[in-house]
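What follows is each chain in one-letter form.
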Amino acid sequence: MTVDLKISKAGHCVAGGHHAEQGASKKNIQFNALFALIKHPEKGYILFDTGYSERFFKATKKFPYQIYGAITKVTVNKKEEVIHQLKTIGITANEIKYIIISHFHADHIGGLKDFPEAQFICTKIGYKDVKGKSGFSGLKKAFMPTLMPDDFENRCQFIEIETATNVHSDLGKMIDLFNDGTIKICALDGHALGMIGILVKTNERKVFLVSDAAWLKSNFQDLKLPHPIVKLFFNSWSDFKESLNRIHAFYKNNPKTLIIPSHCMETYTELPQDIKWKHEAF
Ligand SMILES: [Zn+2]
């Protein structure tokens, strides 16, 4: 069984290129906030992350979240929000049945509140790490509680990858989400605790969405690390390197699989036509 997959972006921020890759130019580069729309033949529509939404601006009006807003320089408008992009191709909010959340940073959970029927899927440890955090303790985790739906826990399926029996030779333990091989979830800790990536099987190819386990493709292709200053915002630098090494091994052993980091402009620009979001029927 295979699924259809489309990738688009919901907003972006800018940061110095040398932050994403040590030794690179300090010139600002654009970090797109990607999301993926998956159409499963039996389960319906699924999102992987949701990018930014205009809620970000409201959430960063008050101290201390003003600091987050000032550092990240976000651009997003209503038309770019996932919910609006879905409408343009005739998909309503209630048709989104699942949202897989890679991690709880604002550029990945901005649209959660727009999908009242969706069941959320995230790791237990990832949610536990941000649950109840606000003010400075939330800011430290780049987590904005106001972006979370009130009934989040009731609608969430918490996964524990460490209990998975499926083991990939490069990526380690994986959860086969629907037990049909279409979406497999693996742990990519480091950038955030409990962060996940998904390996998706489409008709044309396999696609590995690695979230923020790499910011640029040079990170996993050539093992070029981000600037050490980003350690300040990472949960664990050693886990980050361990995850990156696994993605690197996977890349070497699976050259036909398309690996997509959430914020890499080059990868986004070069997406194959069948994966790139065109504002037409899905
Ligand atoms: Zn991110």
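A quick note: this is a predicted structure, and the numbers were derived from the prediction, not measured.

Quick notes on the pairing of strand β2 (residues 28-40)
Then comes step 1: Among the 13 residues of β2, 10 are classified as buried, and the element is accordingly described as predominantly covered.
Then comes step 2: Bridge analysis of β2 against strand β3 (residues 44-48) gives five bridges, and the strand direction is antiparallel. Of the residues in β3, the one forming a bridge with Lys39 is Tyr45.
Then comes step 3: Hairpin remark: β2 followed by β3, antiparallel, with three residues in the connecting loop.

Thoughts on the pairing of strand β5 (residues 96-100)
Then comes step 1: Of all five residues in β5, four are buried; the element is thus mostly enclosed.
Then comes step 2: The pairing of β3 with β5 spans four bridges and is parallel. Each bridged residue has a counterpart across the sheet, and for Tyr45 the counterpart in β5 is Ile96.
Then comes step 3: Relative to strand β6 (residues 119-123), β5 runs parallel, the two sharing three bridges. From the neighbouring strand, Tyr98 faces β6, where its bridge partner is Gln119.

Here we look at the sheet that holds strand β11 (residues 196-201)
Then comes step 1: Strand order in this open sheet of six strands is β8-β9-β10-β11-β12-β13, and the pairing throughout is mixed. Each edge of the open sheet carries a strand with a single partner, namely β8 (166-168) and β13 (258-261). Averaged over all pairs of adjacent strands, the angle between strand axes in this sheet comes to 30 degrees, irrespective of strand direction.

A short note on the sheet that holds strand β1 (residues 4-16)
Then comes step 1: Reading across from one edge, β4-β1-β2-β3-β5-β6-β7 is the order of the seven strands in this open sheet, with mixed pairing throughout. Only two strands of the sheet have a single neighbouring strand rather than two, namely β4 (74-75) and β7 (156-159).
Then comes step 2: Relative to β2, β1 runs antiparallel, the two sharing 11 bridges. Note that in β2 the partner of Ser8 across the bridge is Phe35.

Regarding the nonpolar core
Then comes step 1: One finds Ala36, Ile99 and Ile185 to be the most contacted residues of the largest nonpolar core, which totals 80 residues.
Then comes step 2: When residues in this core are grouped by element, the largest group, eight residues, is from β2.
Then comes step 3: In contact with Ile185, other than residues within four places in its own chain, are Ile159, Ile161, Met174, Ile175, Leu177, Ile196 and Ile198.

Digging into unusual backbone geometry
When glycine is set aside, most residues are seen to have a negative phi, and most peptide bonds are trans.
Then comes step 1: Look at the link from Phe63 to Pro64: it is a cis peptide, with omega at 0 degrees.
Then comes step 2: By secondary structure assignment, the location of Pro64 is in the loop between α2 (55-59) and α3 (65-72).
Then comes step 3: For Asp49, which is not a glycine, the phi torsion comes out positive at approximately 60 degrees.
Then comes step 4: Note that Asp49 resides in the loop between β3 and α2.
Then comes step 5: The backbone of Asn179 shows a phi angle near 55 degrees, a positive value even though the residue is not glycine.
Then comes step 6: For Asn179, a count of 8 C-beta atoms within 10 Å translates into the label exposed.

Here's the deal with helix α9 (residues 237-253)
Then comes step 1: Between its first and last C-alpha atoms α9 spans 24 Å; for 17 residues at 1.5 Å apiece the expected length is 24 Å, and the two agree.
Then comes step 2: Summarising the contacts, the buried residues of α9 are in contact with β9 (172-176), β12 (206-211), α8 (217-221) and β13.

Brief notes about the environment of Leu171
Then comes step 1: One can find Leu171 in the loop between β8 and β9.
Then comes step 2: Note: C-alpha distance between Leu171 and Ser243 (72 residues apart in sequence) is 8.3 Å.
Then comes step 3: Discounting chain neighbours no more than four positions away, the residues touching Leu171 are Cys186, Arg246 and Phe250.

Cut-offs used in this document
Residues numbered from 1 in each chain as written. Predicted model: local features only at pLDDT ≥ 70, side-chain atom pairs only at ≥ 80, totals over all residues. Buried ≥ 20, exposed ≤ 12 C-beta atoms within 10 Å, placed from the backbone. Helix = DSSP H or I, 4+ residues; strand = E, 2+ residues; numbered from the N terminus. Pairing = 2+ DSSP bridges. Axes fitted to C-alpha atoms, helices over the stretch in contact; angles between N-to-C directions. Core = buried A, V, L, I, M, F, W, Y, C linked by C-beta atoms within 7 Å. Contact = placed C-beta atoms within 7 Å. Expected span 1.5 Å × (residues − 1).

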